[in-house]
Amino acid sequence: MEPVAAPLGGTCDRAFAAVEQAFADNFALRGELGGAVCVVVDGRTVCDLWGGWRDEARARPWAPETLVNLFSVGKGLASACVARLVGTSDLDPDAAVARLWPEFAAGGKGAITLRQVLSHQAGLPAVRRRLPPGAMLDHDVMARALAAEEPWWPPGSAHGYHVNTWGFLVGELVRRTTGRTLGAVLASDLAGPLGADVHLGLPAREHHRVADFPWPGEVAPEEEPPGLDEHGLMVHNTYFNPSGLSGAGVLGSSAWRSAESPSTNAHGTARGVARVYELLAAGGRLGDDRVIDSGALAAATTEQVDGPDLVLGRPSRFGLGFQLPRPERPFGPNPGAFGHFGAGGSLGFCDPEAGVAFGYVMNEMGPRWQNPRNRALLDAVYASLA
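All values reported here derive from a predicted model rather than from experimental measurement.

Draft legend 1. Focus on the pairing of strand S11 (residues 338–341). Covered by surrounding structure in S11 are Phe 338 and His 340 together with Gly 339 and Phe 341, the residues of both alternating faces. In this antiparallel pair of consecutive strands, S11 and strand S12 (residues 347–351), the connection spans 5 residues, and Gly 344 shows a positive phi of 90°.

Dropping the structure here:
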């Protein structure tokens, strides 16, 4: 029996037919299960497409309002929130973290700045002490563990992607500054005014909209493998301390969806992600309203680090939270583009020079590094602009 073709829906400007074809090919040729893509050019939505299935059984079609876990695309959303707070002088990138968070000074961390945290230079990608399963669902537990931790390398001397801890570090600073969680700041200061369907900490009333996200492979063990050296322990714990830190084994649970793990468990639609980046492509302005200070946004997208990444084992490049393009992993042809990829292929970015804002979400884990699905979509966008 032939498999049922993936249902596809949405609208696409005829000039961007290549994007629609690439999206369809992702299902027919590249193993897509379900997903959506939204492309905005100069404030006009030229593609708003969705298709496939919300579940492995292929019983529930993807809908325009389907939410899905965005993984590290949430770091870009959080970075936009931080840029807004820097622009309102609520946060200072060069202030010591311990000035707002005194307990953080433990373990020789008194001089670490917010700038170093945002650009993955703080030396805190992991916690050494084994944390109990489920600890990542409790922000206070993670914040206390990170406050007590000693850096894995001298802060500021190198950078390494803080895969999961970045969100707890930034979230605690936002909470101590504003009295609100990072998710609340996103909802009230950005998502609400923009009408963007993106969330850090998803209300229970919205859980019915979330697509399943099958986890590939086995769930991580609750103990680290024996015989690891210091670097091996750092890399292992970056992803798996506590077990479930990256989502393995808990991704579809109500507890995971409701918690705020800002590095890893943002939820949203492609349309919602593109809406945030539409604001960023416009320099932080929404109509006549200045939502994010243009200087703060420019600073957030200025290179802070570029080169060997101690966690990833390959080069990476960051501004103040935002990923910046490298030749082997571009967002498009223009060097001023910025955004953030998510595990398995999801992507949110903007290219101010081309006036492009882009959101792509999906629920079938593809390659984490060179992903053929998002690359096909990106190539199609820029081919359509040519």
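Having seen the structure, we can now continue with the description.
Draft legend 2. Broad picture of the sheet that holds strand S6 (residues 266–268). Strand order across the open sheet formed by 3 strands is S4-S6-S5, with antiparallel pairing between neighbours. A single partner strand is all that each edge strand has here, and the edge strands are strand S4 (68–71) and strand S5 (198–199). Pairing analysis gives 3 bridges linking S4 to S6, with the strands arranged antiparallel. Each residue of the ladder has a partner; that of Asn 69, found in S6, is His 267. Packed onto the sheet, helix H2 (residues 73–87) meets S4, S5 and S6 and runs at close to 75° relative to S4.

Draft legend 3. Geometry of the packing of aromatic side chains. Throughout the structure, instances matching the rule amount to 10 aromatic pairs. Their ring planes at 45° and their centres at 6.1 Å tell us that Tyr 239 and Phe 240 sit as a pair that is tilted. Looking at Phe 240, the relative accessible area reads 28%, which means it is partly exposed. Their ring planes at 20° and their centres at 5.2 Å tell us that Phe 331 and Phe 341 sit as a pair that is stacked. With Phe 331 in the loop between strand S10 (315–318) and S11 and Phe 341 in strand S11, the pair connects residues that are 10 residues apart, well separated along the chain. Residue class for Phe 331 comes out buried when judged on its relative accessible area of 1%. The structure contains a cluster of three or more aromatic residues connected by ring pairs, namely Phe 331, Phe 341, Phe 349 and Phe 358. Above the plane of the ring of Phe 104 lies Lys 109, whose end atom (NZ or CZ) is 4.9 Å from the centre. Above the face of the Phe 341 ring, Arg 329 is positioned so that its terminal group lies 3.9 Å from the ring centre.

Cut-offs used in this document
Residues numbered from 1 in each chain as written. Predicted model: local features only at pLDDT ≥ 70, side-chain atom pairs only at ≥ 80, totals over all residues. Heavy atoms only, no water. Buried < 20%, exposed > 50% of the residue type's maximum accessible area, 1.4 Å probe, protein only. Helix = DSSP H or I, 4+ residues; strand = E, 2+ residues; numbered from the N terminus. Pairing = 2+ DSSP bridges. Contact = heavy atoms within 4.5 Å. Axes fitted to C-alpha atoms, helices over the stretch in contact; angles between N-to-C directions. Phe/Tyr/Trp six-rings, centres within 6.5 Å; stacked < 30°, edge-to-face > 60°. Lys NZ or Arg CZ within 6 Å of the ring centre and 35° of its normal.

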